[in-house]
Amino acid sequence: MNEKELQKQLQTKVRRKLEPLFIKYKMDFGGIDATLKWKPLVLIIGNYSSGKSTLINEFIGQDIQRTGQAPTDDSFTIITSDAGCEDVETPGSTLVNDPNLPFQHFKGYGEKLISHICMKQVASPVLDNLAIIDSPGMLDATSEKDRGYNYAQVLGEFAKMADLIVLMFDPHKAGTIRESYEIIRNTLPEKSGEHRIVFVMSRIDECDHLSDFTRSYGTLCWNMSQMTGRKDIPHIYLTYAPAEVKPGDVAEGWPQERAELIEKIKRASGFRINHILEDIDRQVNEVEMVAETVAAFLKRASKVYWKFANVSIAVALLLFFFGDVILNAITGSPETTLLTSIRMGPFTPFALILPTFLAVCSLMIGSLAYSKIAFRQLKKKAVANGAELLELDNDYRKNLWDKMSGKAKENLEALGPYDHWRGYGRSLTKIQNFLNNDLKKYYEKIVT
Ligand SMILES: Nc1nc2c(ncn2[C@@H]2O[C@H](COP(=O)(O)OP(=O)(O)O)[C@@H](O)[C@H]2O)c(=O)[nH]1
Ligand SMILES: [Mg+2]
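As the structure is a prediction and not an experimental result, all values here were calculated from the model.

Okay, the sheet that holds strand S7 (residues 197-201) next. Strand pairing in a sheet relies on backbone hydrogen bonds, with the paired strands running either antiparallel or parallel. Read from one edge to the other, the open sheet built from eight strands follows the order S3-S4-S2-S5-S1-S6-S7-S8, with strand pairing classed as mixed. Looking at which strands have only one partner, the edges of the open sheet turn out to be strand S3 (88-91) and strand S8 (236-238). Going across the sheet, the axis of each strand differs from the next one's by a mean of 25°, ignoring polarity. Both strand S1 (residues 41-46) and strand S6 (residues 164-169) contribute to a ladder of five bridges, which runs parallel. By the bridge assignment, valine 42 is partnered in S6 with leucine 164. Strands in contact with helix H3 (residues 52-60) are S1, strand S2 (76-80), strand S5 (131-134) and S6; relative to S5, the strand with the most contacts, it is inclined by about 160°. The sheet contacts of helix H7 (residues 151-161) involve S1, S2, strand S4 (117-121), S5 and S6, and relative to S1 the element is tilted by about 145°.

Shown next as structure tokens:
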């Protein structure tokens, strides 16, 4: 089975098995769905004039994107190639409404963003099974306010969808890498995000001396070790625009570095299935934790429910047979009790009225005491300290809880006193089965 077929199959399975569960636990399914749709994506980010558009134009082999020293182009441009659609430009308003494209969730970011997204379809064989996204550079904090949409969040959204994120910096601004990195790092999956990011120092031809280059490279490395908290520095690709550099100025080794970067971008589609699986894995683990919290709470609620139910049924039975006897002893009426009318006769259905009334009262009081008092208190306690419902026995689960406790609370708050009848336990099992069986099989498929 090839990757595309595998992806299709996975999409069908995920929709059928997971979407209803995501809805049940008030989780956003749009993220998974968007990942599964469409082509592999490469996102190019970095400060303005770091050479993003120049690199893209060279990669495609055509002058598609405007380039220049000033931060002129401030749109997210998705560039791809589809047979029969050459030189077509589609505005954001159309893209976010197309159910076949993965951009519908951008609608929520407002008109201002929508007018700053567009898609360009060009004739280019390298983009047949790939889309590359050119992004506006990050501005300083004050100019960011004028943008009219939350740039950091939008960038994070694109980063989540991307199979490869190319983070570009030129030697003049090597110090600004941190902001962009933090934005994407905060939105990518914790375990798997790192290998999706590629660091690139561009415009290396502009370092006049070796000392210039070393200084910039040093700044970049220092910043990176600060950001990643790791001692080992990830590979930093070096690149330059051949069109901008005189052949005599190209130093030894540069073309090879550049070729490696281009190759890495071309191979992004190879990470796709893996990326999808990791994303699903992460999100299903998240929904599982919410489901576990809900199930643990409902198990407790169900125990309390049965205590109340047993007591009120017992009391109801007692009152049914002996309630009128007690009343008779205290007040003198009713004159004939149910028991005497059964034993001595004549038995009339009227004799059942009072006992039934007393029994029903008992059941109602029991049910009210459970739903209005006991259940509410139990829920209040669970909402205040949901962690207590789970075993958070390792760091992974502790971190996951930190992330999901809000969602878990939201779900607990929405539960009613009789929800333990509503199959939440079965939903949890379904989620666990998906993680333990279906997902494992897919991981095995891509390894072999
Ligand atoms: N000398 C030199 N100039 C470059 C290089 N890459 C891009 N430029 C120039 O830098 C400017 C900004 O490039 P651009 O691709 O528009 O940057 P973007 O804002 O990141 O898209 C343009 O004038 C390019 O011609 C390079 O490697 N070397
Ligand atoms: Mg540009």
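The subject of this paragraph is the site of ligand 1. Near ligand 1 lie 17 residues; those nearest to it are Ser49, Thr54, Asp205, Ala241 and Glu244. Taking serine 53, its side chain carries an N or O atom lying 2.8 Å from an oxygen atom of ligand 1. Contacts to ligand 1 include aspartate 205, whose side-chain N or O atom sits 2.7 Å from a nitrogen atom. Within the complex, the protein chains bury 89% of what would otherwise be the 570 Å² of accessible surface of ligand 1.

The α-helix advances 3.6 residues per turn, and as a result positions three or four apart in sequence lie on the same side. Over its 32 residues, helix H13 (residues 353-384) runs 45 Å from end to end, which matches the ideal 46 Å to within 8%, given 1.5 Å per residue. When the local axis directions of H13 are compared, the greatest deviation, roughly 35°, occurs at tyrosine 370.

On to helix H8 (residues 177-187), then. What H8 keeps buried is the set Ile177, Ser180, Tyr181, Ile183, Ile184 and Arg185. Its buried side turned inward, H8 meets S1, H7, S6, S7 and helix H9 (210-228).

What follows deals with the nonpolar core. Residues Leu10, Val14, Leu18, Tyr25, Ile280, Val284 and Phe297 are the most contacted members of the largest nonpolar core, which totals 48 residues. Of all elements in the fold, only helix H1 (3-24), helix H2 (30-36), helix H11 (272-331), H13, helix H14 (395-413) and helix H15 (424-447) reach the threshold of two or more residues within this core. Not counting the four nearest positions on each side in its chain, leucine 10 is found in contact with Leu36, Ile276, Leu277, Ile280 and Tyr442. With 46 residues, the next largest nonpolar core counts Ala131, Phe158, Ala162 and Ile204 among its residues.

Quick notes on the rules
Residues numbered from 1 in each chain as written. Chains lettered and ligands numbered in written order. Predicted model: local features only at pLDDT ≥ 70, side-chain atom pairs only at ≥ 80, totals over all residues. Heavy atoms only, no water. Pairing = 2+ DSSP bridges. Helix = DSSP H or I, 4+ residues; strand = E, 2+ residues; numbered from the N terminus. Axes fitted to C-alpha atoms, helices over the stretch in contact; angles between N-to-C directions. Contact = heavy atoms within 4.5 Å. Near = heavy atom within 4 Å. Polar contact = N/O pair within 3.5 Å; in protein donor to acceptor, adjacent residues only side chain to side chain. Areas by Shrake-Rupley, 256 points an atom, 1.4 Å probe, with all protein chains shown as cover. Expected span 1.5 Å × (residues − 1). Bend = angle between axes of the 7 residues up to and from the residue. Buried < 20%, exposed > 50% of the residue type's maximum accessible area, 1.4 Å probe, protein only. Core = buried A, V, L, I, M, F, W, Y, C linked by side-chain atoms within 4.5 Å.

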